[in-house]
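So you can see what is in the structure, the chains are spelled out below.
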Amino acid sequence: MKKELLFVINTLSRAGAETALLELLRIIAGIKDSNGNNKYNIDIYVLMGQGELAGKLPEGVNLLNKKYSHFSVLSNKGRHYMYRRIARQVFKNGAVFKNFFYIISNFADMARSHHIWPDKLLWRVLSDGAEFTEKEYDLAVSYIEGGSAYYTAEHVKAKKKAAFIHIDYKKAGYTRKLDKGCYDKFDMVFPISDEVKGQFLKVYPEYKDKTKVFHNIINQKRLRKLAKEPGGFNDSFDGIRLLTVGRLTYQKAYPIAIEAMKLLKEEGYNVRWYVLGEGPERQVLEQCISEAGLNGNFILCGAVDNPYPYYRQAGLYVHATRFEGKSIAIQEAQTLGCAVVASDSSGNREQVENGVDGILCSLNAVSVKNAIAGLLDNPAKRQEFGKKAAAKKITYENETRMLLALAEEQGI
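This report concerns the structure included in the present document. (Residues numbered from 1 in each chain as written. Predicted model: local features only at pLDDT ≥ 70, side-chain atom pairs only at ≥ 80, totals over all residues. Heavy atoms only, no water.)

As for empty space enclosed by the protein
Regions of empty space are outlined by a rolling probe, equal in size to a water molecule, passed over the atoms. Within this structure, the stated rule accounts for one cavity of 30 Å³ or more. Counted as a void, the largest cavity has a volume near 40 Å³. If you trace the largest cavity, you find it lined by Thr244, Lys252, Tyr254, Ala257, Trp273, Val318, Ala320 and Thr321. (1 Å grid on protein atoms, 1.4 Å probe; cavity = no way out; pocket = protein on both sides within 12 Å on 5 of 7 lines; lining within 4 Å. Points joined across faces, edges and corners; volume = space filled by probe spheres on them.)

Topic: the sheet that holds strand 8 (residues 271–276)
Here six strands make up an open sheet; going across it, the order is 9-8-7-10-11-12 and the pairing parallel. Looking at the sheet topology across the chains shown, the edges are occupied by strand 9 (298–302) and strand 12 (358–361). Each strand axis lies, on average, 20 degrees off the axis of its neighbour in the sheet, ignoring direction. Here helix 13 (residues 328–335) sits on the sheet and contacts strand 7 (240–245), strand 10 (316–319) and strand 11 (340–343); the angle it forms with strand 10, its principal contact strand, is near 165 degrees. (Pairing = 2+ DSSP bridges. Helix = DSSP H or I, 4+ residues; strand = E, 2+ residues; numbered from the N terminus. Axes fitted to C-alpha atoms, helices over the stretch in contact; angles between N-to-C directions. Contact = heavy atoms within 4.5 Å.)

Here we look at the pattern of salt bridges
A complete count under the given rule lists 25 salt bridges for this structure. Note that Asp43 is salt-bridged to Lys135, the shortest N-O span being 3.1 Å. Within this pair, whereas Asp43 is found in strand 2 (residues 40–46), its partner Lys135 is found in the loop between helix 5 (118–128) and strand 4 (136–142), the two being separated by 92 residues in sequence. Exposure remark for Lys135: the relative accessible area of 32% places this residue in the partly exposed category. A salt bridge links Asp128 to Lys98; the nearest nitrogen and oxygen atoms lie 3.7 Å apart. Taken as a pair, Asp128 in helix 5 and Lys98 in helix 3 (residues 95–98) lie far apart in primary sequence, 30 residues in all. Judged by relative accessible area, which is 58%, Lys98 ranks as exposed. Here the salt bridges share partners, and the residues they tie into one network are Glu4, Asp43 and Lys135. (Salt bridge = Lys/Arg side-chain N within 4 Å of Asp/Glu carboxyl O. Buried < 20%, exposed > 50% of the residue type's maximum accessible area, 1.4 Å probe, protein only.)

With respect to a positive patch on the surface
On the surface, Lys66, Lys67, Arg84, Arg88 and Lys92 cluster together to form a positively charged patch. Of note, Lys67 is situated in the loop between strand 3 (61–63) and helix 2 (76–89). (Patch = residues over 30% accessible without salt bridge, like charges linked within 9 Å, V, L, I, M, F, W, Y side chains within 5 Å. Areas by Shrake-Rupley, 256 points an atom, 1.4 Å probe, with all protein chains shown as cover. Lys, Arg positive; Asp, Glu negative; His and termini not counted. Charge placed at Lys NZ, Arg CZ, Asp CG, Glu CD.)

As for the environment of Asn37
Here Asn37 is to be found in the loop between helix 1 (16–29) and strand 2. Residue classification places Asn37 among the partly exposed positions, given a relative accessible area of 41%. Separated by 35 residues in sequence, Asn37 and Lys2 have C-alpha atoms that sit 9.3 Å apart. Apart from the residues within four sequence positions on either side, Asn37 is in contact with Ile31 and Lys32.

Given below as structure tokens:
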């Protein structure tokens, strides 16, 4: 009999974890039994019922949501839809009343630490107000932390459960108090890098024996093919293009990038910096760009369906972020032969070998500017880094087998 699998994720908008999930689903959906039939029945449930990537789900993957919006949560229409959905979902099943004291207590903790995380306060409420199913699965997978983990732990029937961790757990604002013991209910926890694993185990040292690294999956052959399709930059700029791919959020530290670009222009470098991605900080960043006198030189391009021609056409990829889990964007840039400048932060340092296939630098405008300028001044070094980055092979067979062993009730 076919094994029944469920994957749960918060949204299906264009971002690193969602992109990696689609690749994992393509692999599992393509696995056949001895008779040539699909070996697994795959369901997916999107907690927020929203995201433009649902249209890219592989054939055979069943979307469980009764109501679903294909608007990106980062677009204006998408944000309005999301707010309306949240307003409905927090009252469904009495979720907000059930969690009233939980919200107040955790809000007080955040206030004392001088950093309020509204999404962290709401994930459990949204989980309790979601749609439920009585179906029992052989394996249920929470593919991202927060709401999907709470939902999978507490509202899904499954013989085995696994949880993925994609971020530096503590820096992203999660605590044991917020989680309320949800990870006790998982058979395995899969951080996506060694650093993510280390940070998670600082919060949950007792889970060491059931925590194993599961690297993000990308299909290098597919990316290289997509990079040759029409698209990419459509301006006539004749200098060197810098590229960053990522949502417009605090984590990505774009104000530092804008200041670094201002310094590059003041020193006479003929460069433009392009950012592919959308997010809640667009208006703030547009003001920063204008105040720095960089209109037309630091360009927020928005989200695009196929970012890969941009990588291929860029002169240098820059990823100066505050923290990461393991960046899909860096993996994509390396696959497509980009030299990389990245901040020396969690996640990034595990992907870029300083002085071999890129440069790691401190996260401040002068350091970022100096790292970029050093490679702009040395085209041969830039080319050498790009070749070494492109030579990296990313495999995923072991990770996929490790996950599916749970569904087959085998040891890992």
